[in-house]
Amino acid sequence: MQRIGVFVCWCGSNIAATVDVAKVVEEIKKEPGVVYAQDYQYMCSEAGQLLVKNAITEHKLTGVVICSCSPRMHEATFRKAASSVGLNPYMVEVANIREQCSWIHKDRVEATEKAIILARAAVAKVSLNAPLQPGESAVTKRALIIGGGIAGIQSALDIADAGYKVDIVEREPTIGGKMAQLDKTFPTLDCAACILTPKMVEAAQHENITLYTYSEVEEVKGFVGNFDVKIRKKARYVDETKCTGCAVCTNKCPSRKAGNEFNCSLDKRGAIYIPFAQAVPNVAVIDTEHCIHFKTGKCGLCEKNCSAKAINFDQKDEIIEEKYGAIVVATGYQISDVTKYDEFQYTEHPDVVTSLELERLMNAAGPTKGTLLRPSNLEHPKDIVFIQCVGSRDITSRGKCYCSKICCMYTAKHAMLIREKYPDVNVHVFYIDVRTPGKNFDEFYRRAVEQYNVDYIKGMVGKVYENDKGGLTVRAVNLITNERVMIDTDMVVLAAAIEPSKGVKKVASMLTASIDTNNFLTEAHPKLKPVESPTAGVFLSGVCQGPKDIPETVSQAGAAAVKVVGLLAKDKLVTNPCTATPNELMCNGCSSCEKVCPYGAITYVEKLVNDHGIKETRRIASVNSAVCQGCGACTVACPSGAMDLKGFSNKQIMAEVDAICR
């Protein structure tokens, strides 16, 4: 029989305030196999760990149960402590009596009773535990960055500077992301292009960085240190090795019906185009949907006028297969759909624009060459109204319940830039709350109010409609004075919410990464592991994890890079010994487990099996323990109960259930 020691943590008052820890110790001593039980105020402290070590040595413990916080927090801590005195670390179990007990109960008697039950279940499981030995796997010294915005670029540069090879996969024809579309950045009002384009060029010229633009990740298999990735490099119909970026083809193209995505479709572009002047790579791409040649087989002016002979209408998509040790997700964001807010007339009137569209209207490389003009008649506006939180902090089904974090600041930026360049323009801002939590952010907002005389109105806009003068009327309520407000204006700017980029669900599915209810990727722990995903070897960078501004994005990108470098610096990784194992006598070769395995760890082999003296060749499951991550999906799917999981066997799970129901 096992000799089990149980250690109950107070966790300060987190547990002890709700759970009678002394009673838990008293009751758990009665369990079969328990030879020692003790409570302590901070079991994870050095003194608490020493208490565990001494008990293992003095009482010759063969199993340990720690009743404390979530195993996500300190399971590794206690396993390391046990291992240091010779006990196999997988003979340690953690009963979560904080998150699953003390934090969710108010009644002390009820919480204590539940804590005893959880401890009893852990004792039942550890009594059936067996020592496990982890294996080793090699690490591929190469990193993949999914997304080529400022987050992806910064992560790539930091990893590459550490001496490791990096591939950036960007679905657009150029790297740069949303930051490339911005005019100025808050709170310093630096030129966005002046900050970003040197980094874009540096990434393109870095000897350790390979750019795969106009490409998408098609498939990801494997595990931390050994990811097998397929990348689809879409056909540009332009040879990147020959194109010089002279733009002759773009000027000669007769098809001018496609909306220019880089300018938020405020103007038109050719069917063959370079996204913007500083694009990296500075290579044209053909939009087959609008290209006359692809639709009719005629035209071909771009091919005829290309002196470099770079146009290739027969180009095909290319599949690139590569191995990576780590993956950084930097898929960025997009502006949420504001067409659902009919009361603001966005789909009805051209002078109602989003903040990103205003960025392009104010940019020197934009459709109006930096001159602020009304899209409807190209006249200079005299009055502009900003409406905050369009789609953010929305409790209806139309928008997002979260704060998009950057809107208050970029609206203040827009207001200041307009008032600076056009002092004759009146600027009004309707807001719910002004949120400026960053360094020098509140001072920036105060400058807009006090120095530039921007009219901030705490109130909700009910409706925007076209008036008799051809302009717009904004109808709202001032929540300070409790009065109705009617403002005639020339333009309305909607501070739209930001949301994860389209396709993030596909990426998360391929990486077996977690996403929250808003489709942002979930970090492994919000405080202790803010840049790691729950999937080992996958790291998060930028807005894919949640709304953030540029400085915060760059900081997180650097943090993700450090984690990647720390991983790639290792020659070998310790593998998880809690892997699936099939019972050859029970396996019927149905393939159910193979179909549900997210890591591709299960295959089927023909094997000679001796079933109680009867020898026959059977089709049975075979598990690659180096690839298996111990998720347990196969054990649930197996109809014959042949598949089991080391450390979490069916017998152990049932023992826990029996202990709870006793």
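Use the structure listed above.
Reading the values: the criteria
- Residues numbered from 1 in each chain as written.
- Predicted model: local features only at pLDDT ≥ 70, side-chain atom pairs only at ≥ 80, totals over all residues.
- Heavy atoms only, no water.
- Helix = DSSP H or I, 4+ residues; strand = E, 2+ residues; numbered from the N terminus.
- Buried < 20%, exposed > 50% of the residue type's maximum accessible area, 1.4 Å probe, protein only.
- Contact = heavy atoms within 4.5 Å.
- Areas by Shrake-Rupley, 256 points an atom, 1.4 Å probe, with all protein chains shown as cover.
- Lys, Arg positive; Asp, Glu negative; His and termini not counted.
- Charge placed at Lys NZ, Arg CZ, Asp CG, Glu CD.
- Axes fitted to C-alpha atoms, helices over the stretch in contact; angles between N-to-C directions.
- Left-handed = near helix turned anticlockwise from the far one by under 90°.
- Nonpolar A, V, L, I, M, F, W, Y, C, P; charged D, E, K, R; others polar.
- Core = buried A, V, L, I, M, F, W, Y, C linked by side-chain atoms within 4.5 Å.
- Pairing = 2+ DSSP bridges.
- Salt bridge = Lys/Arg side-chain N within 4 Å of Asp/Glu carboxyl O.
- Patch = residues over 30% accessible without salt bridge, like charges linked within 9 Å, V, L, I, M, F, W, Y side chains within 5 Å.
- Phe/Tyr/Trp six-rings, centres within 6.5 Å; stacked < 30°, edge-to-face > 60°.
- Disulfide = S-S within 2.5 Å.

## Describing the overall build of the protein chain
And step 1. Helices and strands together make up the secondary structure of the protein chain, namely 18 helices and 33 strands.
And step 2. Taken along its principal axes, the extent of the C-alpha atoms in the protein chain is 90 × 65 × 40 Å.
And step 3. Counting the 662 residues in the protein chain, one finds 53% classified as buried.
And step 4. A sequence separation of at least 24 residues applies to 68% of the contacts in the protein chain between residues at least 6 apart.
And step 5. Roughly 30,300 Å² of accessible area belongs to the protein chain as shown, and the carbon and sulfur atoms make up 51% of that amount.
And step 6. Here the protein chain holds 78 positive side-chain charges and 76 negative ones, and the gap between their average locations is 2 Å.

## Comments concerning the packing of helix α5 (residues 108-126) against helix α18 (residues 650-661)
And step 1. The N-to-C vectors of α5 and α18 enclose an angle of 150°; their axes lie 8 Å apart at closest approach. In this structure, the crossing between α5 and α18 has a hand that is right-handed. Two secondary-structure elements touch here, α5 through I117, R120, A121, A124 and K125 and α18 through Q652, A655, E656, A659 and I660.
And step 2. Residue classes in the contact of α5 with α18 are distributed as six nonpolar, one polar and three charged.

## Digging into the nonpolar core
And step 1. Grouped together as the largest cluster of nonpolar side chains are 59 residues, with contacts concentrated most on I159, I209, V238 and I272.
And step 2. Counting only elements with at least two residues in this core, the list comes to β6 (142-146), α6 (150-161), β7 (165-170), α7 (192-205), β10 (209-213), β18 (326-329) and α15 (550-568).
And step 3. Examining the composition of this core, we find that seven residues originate from one element, α6, more than from any other.
And step 4. Residue contacts for I209: discarding those within four places in its chain leaves A156, L157, A160, V166, I168 and A203.
And step 5. By size, the runner-up hydrophobic cluster in this structure holds 42 residues, among which are L61, C67, A95 and C101.

## Re the pairing of strand β22 (residues 426-431)
And step 1. Among the six residues of β22, five are classified as buried, and the element is accordingly described as predominantly covered.
And step 2. One ladder, built from five bridges, connects strand β21 (residues 383-390) with β22; its direction is parallel. Looking at β22, one finds that I384 is bridged to V427.
And step 3. Here β22 runs beside strand β23 (residues 455-466); their pairing, made up of four bridges, is parallel. Pairing of Y431 across the sheet is with K458, part of β23.

## A short note on the sheet that holds strand β28 (residues 538-540)
And step 1. With parallel pairing, the five strands of this open sheet are ordered in space as β10-β7-β6-β18-β28. Every other strand in the sheet has two partners, leaving β10 and β28 as the edge strands with one partner each. Across the sheet, the mean angle separating the axes of adjacent strands is 20° when strand polarity is ignored.
And step 2. Against the sheet, α6 contacts β6, β7, β10 and β18, and its axis sits at roughly 165° relative to β7.
And step 3. Against the sheet, helix α14 (residues 504-511) contacts β6, β18 and β28, and its axis sits at roughly 160° relative to β18.

## Overview of the pattern of salt bridges
And step 1. Here the structure, examined in full by the defined rule, presents 33 salt bridges.
And step 2. The closest approach of N and O atoms between K230 and E219, which form a salt bridge, is 3.8 Å. Highlighted residues: K230 in strand β12 (residues 226-233) and E219 in strand β11 (residues 215-223), separated in sequence by eleven residues.
And step 3. A salt bridge links D433 to R393, with the nearest nitrogen and oxygen atoms 2.9 Å apart. With a gap of 40 residues between them, D433 in the loop between β22 and α13 (441-450) and R393 in the loop between β21 and α12 (407-421) connect regions that are remote in the sequence.

## Observations concerning a nonpolar patch on the surface
And step 1. A grouping of F648, I653, M654 and V657 is seen on the molecular surface, where their side chains present a nonpolar patch of about 330 Å² in accessible area.
And step 2. The residue F648 is located in the loop between β33 (643-645) and α18 in this model.

## A look at the packing of aromatic side chains
And step 1. Per the stated rule, a full pass over the model turns up nine aromatic pairs.
And step 2. Relative to F313, the ring of F294 lies with its centre 5.7 Å away and its plane at 80°, an arrangement referred to as edge-to-face. Remark: F313 occurs in the loop between α10 (301-305) and β17 (318-324) and F294 occurs in helix α9 (residues 292-296); sequence separation between them is 19 residues.
And step 3. Note on F313: relative accessible area 12%, which makes it buried.
And step 4. Consider the rings of Y445 and Y456, whose centres lie 5.1 Å apart with planes at 80°: the pair is edge-to-face. Taken as a pair, Y445 in helix α13 and Y456 in strand β23 lie far apart in primary sequence, eleven residues in all.

## As for the pairing of strand β26 (residues 491-496)
And step 1. With respect to burial, β26 is a largely interior element, six of its six residues being buried.
And step 2. Side chains M491, V493 and A495 of β26 all project onto a buried face; the interleaved residues V492, L494 and A496 project onto the opposite face, where all are buried too.
And step 3. In this structure, strand β20 (residues 352-354) lies alongside β26, joined through three bridges in parallel fashion. Within the sheet, the bridge partner assigned to V352 lies in β26 and is V492.

## Describing the sheet that holds strand β3 (residues 63-68)
And step 1. Spatially, β2-β1-β3-β4 is the arrangement adopted by the four strands of the open sheet, whose pairing is parallel. Since the sheet does not close on itself, it has two edges, and those belong to β2 (34-40) and β4 (92-96), each with one partner. Neighbour to neighbour, the strand axes of the sheet diverge by 15° on average, direction disregarded.
And step 2. Bridge analysis of strand β1 (residues 4-9) against β2 gives six bridges, and the strand direction is parallel. Following the sheet pairing, F7 is matched in β2 by Q38.
And step 3. Those strands touched by helix α2 (residues 46-58) are β1, β2 and β3, and its axis lies near 165° from that of β2.

## What about the state of the cysteines?
One way to say it: the disulfide is the covalent bond shared by the sulfur atoms of two cysteines.
And step 1. Counted by the stated rule, this structure contains zero disulfides.
And step 2. Take C9: it sits in no disulfide, and the sulfur closest to it among the cysteines is that of C11, at 5.2 Å.
And step 3. The exposure class of C9 is buried, given its relative accessible area of 5%.
And step 4. In this structure C243 is a free cysteine whose sulfur lies 6.2 Å from that of C249, the closest cysteine sulfur available.
And step 5. According to the relative accessible area criterion, C243 is buried, its value standing at 18%.

Nothing here speaks to function; it is geometry throughout.
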